[in-house]
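Observations on the model geometry
Read off the chains here:
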Amino acid sequence: MVSGKKSALRTVEALFAAAILIFFIVIMNNIYLRKARGRDLSLISTVEDSLLLLDENQSLRSLVVSLNFTEIEKRIEDLGNNTIDVEVTICNLTMCVGESLETENVVTYVISGNDSYNPFEVKVYAKKI
Amino acid sequence: MQRKSEFWLIGVVILVSLAVVVIPLSVVTYLEKIDEFFVENLNEEIGRCVNLEGCNLSNFVGFLNHVCSERSYNLSTIYFYCNTTHLEIGNFYNEDINLSIVSDLLEEQVNLRNEEVILYDLSEVGKEMNISYLNKEIQLSCQRKIVARDLCLSFLGSLKCISSIS
């Protein structure tokens, strides 16, 4: 009977240990995820919305094809109420123009061309000011 | 003997905890890494490309492949493009695909190799057809420019796919 009680106690101990372990793993995983991501989802969403808006306004594609990355930066910063610092690079298979920022908050947008086929990749690097 | 059974119990509890907590969290981490905005953008751009002068779909898919590989994504796509005169099928699915094309004028089984593009003259196929591939079936009505595509991005075991026609 005593050994039965003891083993029940040990089982409860084991369950406590497992609970502590689970808690520890969840906390560590969350810390790891935050560090690994290092991404500001609201900032990324602002940049994505800005790109879509510029594309709907029919201004993005002509700016990309003419490699006018400074104007794209200015417009995205304006749409973000000048609370974000933005750098833009425009690349095709042979060259890249523009500058990048040291940040995890990068949005990639691909265009197939403006009036004629001319594919480019636009990368927007963003940081909150 | 009793101690042995306790170790066994602790071992089981730990393994179950790991299975219940760690594995789903890891999967969520991987799933989050495929960017939905990016996938949507690629898919829409394939649809836009065909309305541009000089659009070369296979070349564009090659460009998209380059952009995806920079992000360590693996792109698999198959497209069916037709205008009023031609049908173009491009397989960039990283595997050979068996297709069945059935129309009033044609009934054909085709093995389309990876990175292969085939062209049909619509005068030989007709403007309405059913195409079966990868356990799917699509109906194409080539009265105007149409591009149907399946696009999948994979990254570390997670997969995001879009099928659309426009």
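Bear in mind that the values here come from a model prediction, so they are computed numbers and not experimental data. (Residues numbered from 1 in each chain as written. Chains lettered and ligands numbered in written order. Predicted model: local features only at pLDDT ≥ 70, side-chain atom pairs only at ≥ 80, totals over all residues. Heavy atoms only, no water.)

With that out of the way, let us pick up the overall build of chain B. Looking only at helices and strands, chain B features four helices and nine strands. Written out in order from the N terminus, the α and β elements of chain B read α-α-α-β-β-β-β-β-α-β-β-β-β. A burial count over chain B gives 43% of its 166 residues as buried. Summarising the internal contacts of chain B: among those between residues at least 6 apart in sequence, 53% fall at separations of at least 24. Accessible surface, chain B as shown: approximately 8800 Å² in total, 53% of it carbon and sulfur. (Helix = DSSP H or I, 4+ residues; strand = E, 2+ residues; numbered from the N terminus. Buried < 20%, exposed > 50% of the residue type's maximum accessible area, 1.4 Å probe, protein only. Contact = heavy atoms within 4.5 Å. Areas by Shrake-Rupley, 256 points an atom, 1.4 Å probe, with all protein chains shown as cover.)

Right, let's get into the confidence of the model for chain B. Residues and elements named next belong to chain B. Per-residue confidence for chain B gives a mean pLDDT of 87, with 86% of residues at or over 70. Within chain B, no element has a lower average pLDDT than helix α1 (residues 2-33), which sits at 63, and none a higher one than strand β2 (residues 86-92), at 96. Reported confidences for the modelled complex are a pTM of 0.77 and an ipTM of 0.78. (pLDDT = per-residue confidence, 0-100.)

Backbone hydrogen bonds hold the strands of a sheet together, and the pairing may be parallel or antiparallel. Residues and elements named next belong to chain B. Read from one edge of the open sheet, five strands run β5-β2-β1-β8-β9, paired in antiparallel fashion. Since the sheet does not close on itself, it has two edges, and those belong to β5 (116-121) and β9 (158-165), each with one partner. Within the sheet, the average angular offset between the axes of one strand and its neighbour, ignoring direction, is 10 degrees. Sheet topology note: the strand β8 (residues 146-155)/β9 ladder contains eight bridges and is antiparallel. Bridge assignment links A148 to a residue of β9, and that residue is I165. Helix-sheet contacts for helix α2 (residues 36-49) involve β1 (74-82), β8 and β9, and the interaxial angle to β8 is about 155 degrees. (Pairing = 2+ DSSP bridges. Axes fitted to C-alpha atoms, helices over the stretch in contact; angles between N-to-C directions.)

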